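One-letter residues, chain by chain:
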Amino acid sequence: MAFAIICSGGDAPGMNPAIKKFVDYNYKLGIESYLIYDGLEGLIDNKIKKATHKDVAGILHMGGTIIRSSRSKRFFEHKYRVQAFQNLQALDIKGLVVLGGDGSFRAMDIFSSEFDVNFVGIPSTIDNDIYGTEYCLGVDTALNVIRDALDKIRDTASSFSRAFIVEVMGRDCGYLAVVSAMISGAEICVIPEVEFKSENIEARLQQEIKNGRNYILAIVSEGSKKTSEIHDWIQDKLGLETRVSILGHIQRGGNPTVYDRMMAFDYAINAIDYLNSHNDSNKVVVYQRGEFSFMEIEEVVSSKYTLPERYLKAINYLD
Ligand code: F6P
């Protein structure tokens, strides 16, 4: 019996430990492992290789993914999905583990509705925006990268009496922004899910500045598209010299944290155990209230992730 693993969409720290556990645990169960390189593009182009221990030796601590990833447009054309399925069949691959985000799961939903593909998805994206799970691989590492950056930006902001807007990733989801704001003690947090009303905090911040506050930290989620608006508002209404720092793709890199390594192990083991005991799986492993379970792919892709209420409330505590 053989299973394959693939990474699709934006890479996330935690993918490498998941790949390593996939190969090691399969070996223990007497299952052959295949690595699919370059994401769904590689599946179409048959970049599939039988894995040995050597392939996954010394990768546990590394960010990114050694089998690389891609966002495939071709996979949304039927003829390429036929090719992809034939490649899996030719190697007699009975199960597929897919590390990816929303777009990748949408692709798998289409794929599994057309072909007899037995797969389990592992939520992997720094955005933490997948319905049904409280945690996606990579988020803790990304948050630690942001925390490190914010601690440093605070040093220069306070030393030079400036305001800083720090734009963080997350696509349309404010998770990274709101958690970063909570753990850095930012004065302002702007996310796509909550309308930003400067009038709620303007008078208080003006008063604080009068009383001696000499710097401000504002975390703005990329999905809000409010970075330059907040910049102008702080400079004009609060009177602080303001700089913008867009953290960008450094948020996707870095050695996976302890938490991401542990979650990678648990996700991989759960995925393999499920594939090993089901012939018609089209599921995503989800993590809720400290437990792993499995959710139908259709349910995951047809619903929208919403931020937990307590995080939405946290924005109000900044006011
Ligand atoms: O989905 C992960 C993510 O890093 C988002 O936060 C961001 O909007 C997007 O990918 C960036 O995509 P790309 O790497 O293609 O520029």
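Parameters at a glance
Residue indices begin from 1 for each chain and proceed along its sequence in written order. In keeping with the model being predicted, local features are shown solely for residues with a pLDDT of at least 70 and side-chain atom pairs are shown and tallied solely at 80 or more, while totals for entire chains, interfaces and linings include all residues. Heavy atoms from the whole structure form the basis of all side-chain values; hydrogens and water molecules are not counted. The cutoff for a nearby residue is simple: one of its non-hydrogen atoms must lie within 4 Å of the molecule or strand. In protein, a polar contact means a hydrogen-donor-capable atom and an acceptor-capable atom, both N or O and within 3.5 Å, with residues adjacent in sequence counting only if both atoms are side-chain atoms; elsewhere, any N or O pair within 3.5 Å suffices. All accessible areas in this document rest on Shrake-Rupley with a 1.4 Å probe, and a residue is counted as covered only by the protein chains that are shown. Under the scheme applied here, ten amino acids are nonpolar (Ala, Val, Leu, Ile, Met, Phe, Trp, Tyr, Cys and Pro), four are charged (Asp, Glu, Lys and Arg), and all others, including Gly, are polar. Secondary structure elements are defined from DSSP: runs of H or I of at least 4 residues count as helices, runs of E of at least 2 residues count as strands, and each element is numbered from the N terminus. Only protein chains enter the accessibility calculation, which uses a 1.4 Å probe. A residue is then buried if its area is under 20% of the maximum for its type, exposed if over 50%, and partly exposed in between. By the convention used here, residues are in contact when the closest approach between their heavy atoms is within 4.5 Å. Domain segmentation is taken from an automatic or database assignment of domains. A 1.4 Å probe defines the accessible area here, and the buried area is the portion of it lost by two parts on being joined, summed over both. Paired rings are identified among Phe, Tyr and Trp, the last through its six-membered ring, by centres lying within 6.5 Å, and are further divided according to the angle between planes into stacked (under 30 degrees), edge-to-face (over 60) and tilted (the rest). A ring is scored as having a charge over it whenever the NZ atom of a lysine or the CZ atom of an arginine sits within 6 Å of its centre and within 35 degrees of its normal. Here, a strand pair is defined by DSSP locating no fewer than two bridges between the strands. Axes, fitted as lines to C-alpha atoms, cover a helix only where it is in contact. Angles between the N-to-C directions of the axes lie from 0 to 180 degrees. Among buried residues, those of type Ala, Val, Leu, Ile, Met, Phe, Trp, Tyr and Cys that are joined through side-chain atoms within 4.5 Å constitute a nonpolar core. Working definition: a disulfide is two cysteine sulfur atoms within 2.5 Å of each other. Note that the term roughly parallel is reserved for angles under 35 degrees, roughly antiparallel for angles over 145, roughly perpendicular for angles of 65 to 115, and oblique for everything else. With the far helix as reference, a near helix turned anticlockwise by less than a right angle produces a left-handed crossing, and one turned clockwise produces a right-handed crossing. Here the expected length of a helix is defined as 1.5 Å per residue gap, with one fewer gap than residues.

1. A closer look at the site of the ligand
The full set of residues close to the ligand is Arg71, Thr125, Asp127, Met169, Gly170, Arg171, Glu222, His249 and Arg252. Within the backbone of Gly170, a nitrogen or oxygen atom sits 3.2 Å from an oxygen atom of the ligand. With respect to the ligand, the side chain of Arg252 contributes an N or O atom lying 2.9 Å from an oxygen atom. Contact with the protein chains hides 75% of the accessible area of the ligand, taken as 400 Å² for the molecule alone. Looking at the shell around the ligand, its residues break down into one nonpolar, three polar and five charged.

2. As for the environment of Leu29
When you line up the elements, Leu29 lands in helix 1 (residues 15-29). Taking relative accessible area as the criterion, Leu29 reaches 35% and is therefore assigned partly exposed. Between the C-alpha atom of Leu29 and that of Met1, which follows or precedes it by 28 residues, the distance is 10.0 Å. Non-local contacts of Leu29, meaning those with residues more than four positions away in its chain, are made with Ile272, Asp273 and Asn276.

3. Focus on the domain arrangement of the chain
For the chain, the domain assignment lists domain 1 (2-138 + 256-303) and domain 2 (140-252). Of the residues lining the interface, 14 residues belong to domain 1; the matching set on domain 2 comes to 12 residues. Carbon and sulfur atoms make up 49% of the area that domain 1 and domain 2 hide from each other, which totals about 1200 Å². Per-residue buried area on domain 1 facing domain 2 is highest for Ile126, Asp127 and Thr257; these three make up 44% of the total on that side.

4. Some remarks on the packing of aromatic side chains
Under the criterion given, the structure shown has nine aromatic pairs. The structure contains a cluster of three or more aromatic residues connected by ring pairs, namely Phe75, Phe85, Phe111 and Phe115. It is Lys21 that lies over the ring of Phe265; its NZ or CZ is 4.9 Å from the centre. Its end group placed over the ring of Tyr80, Arg74 keeps NZ or CZ at 4.9 Å from the ring centre.

5. Concerning unusual backbone geometry
If you check the backbone angles, Arg68 has positive phi at about 60° while not being a glycine. Assignment of secondary structure puts Arg68 in the loop between strand 3 (48-50) and helix 3 (78-90). Even without being a glycine, Asn128 presents a positive backbone phi close to 50°. Note on placement: Asn128 falls in the loop between strand 5 (119-123) and helix 5 (139-160). Its relative accessible area of 0% is what places Asn128 among the buried residues.

6. A word on the sheet that holds strand 7 (residues 188-190)
Read from one edge of the open sheet, four strands run 7-8-6-9, paired in parallel fashion. In the strand order of this sheet, the two ends are held by strand 7 and strand 9 (242-246), each with one partner. Across this sheet, the average inter-strand angle for adjacent strands is 15°, counted without regard to direction. Sheet topology places strand 7 next to strand 8 (residues 216-221); three bridges connect them, and they run parallel. Bridge pairing in strand 8 places Cys189 opposite Ile219. The strands that helix 8 (residues 227-238) touches are strand 6 (163-168), strand 7, strand 8 and strand 9; relative to strand 6, the one it contacts most, it runs at about 170°.

7. Topic: the nonpolar core
Inside soluble globular proteins, nonpolar side chains tend to come together where they are buried. If you look at the biggest cluster of nonpolar residues, it comprises 95 residues, and the most contacted ones within it are Ile19, Leu43, Leu96, Phe111, Tyr175 and Leu176. Looking at this core, you find at least three residues from each of domain 1 (2-138 + 256-303) and domain 2 (140-252). Ile19 has contacts with Ile5, Cys7, Leu35, Val56, Ile59, Thr65, Ile66, Ile67 and Leu99, leaving out every residue within four places of it along the chain. Of all hydrophobic cores here, the second largest spans 15 residues; its members include Ile188, Ile230, Trp233 and Ile234.

8. A closer look at the state of the cysteines
Overall, the coordinates contain zero disulfides when judged by the stated rule. You can see Cys136 has no disulfide; the closest cysteine sulfur is in Cys173, sitting 8.7 Å from it.

9. Description of the packing of helix 5 against helix 6 (residues 175-184)
The geometry of helix 5 relative to helix 6 is characterised by a closest axis approach of 10 Å and an angle of 50° between their N-to-C directions. Between helix 5 and helix 6, the angle falls in the class oblique. Once helix 5 is placed against helix 6, the crossing between them reads as right-handed. Touching Val139, Ala142, Leu143, Ile146, Arg147, Leu150 and Arg154 of helix 5 are Tyr175, Leu176, Val179, Ser180, Ile183 and Ser184, all from helix 6. When its residues are assigned to classes, the contact of helix 5 with helix 6 shows nine nonpolar, two polar and two charged.

10. Examining helix 1
Here helix 1 is 15 residues long and its end C-alpha atoms lie 21 Å apart, about the 21 Å a rise of 1.5 Å per residue gives. Residues of helix 1 that are buried: Met15, Asn16, Pro17, Ala18, Ile19, Lys20, Phe22, Val23, Tyr25 and Asn26. On its buried face, helix 1 is in contact with strand 1 (2-7), strand 2 (32-36), strand 4 (93-100) and helix 9 (258-277). With its phi angle positive at about 80°, Gly30 sits one or two positions after the end of helix 1.

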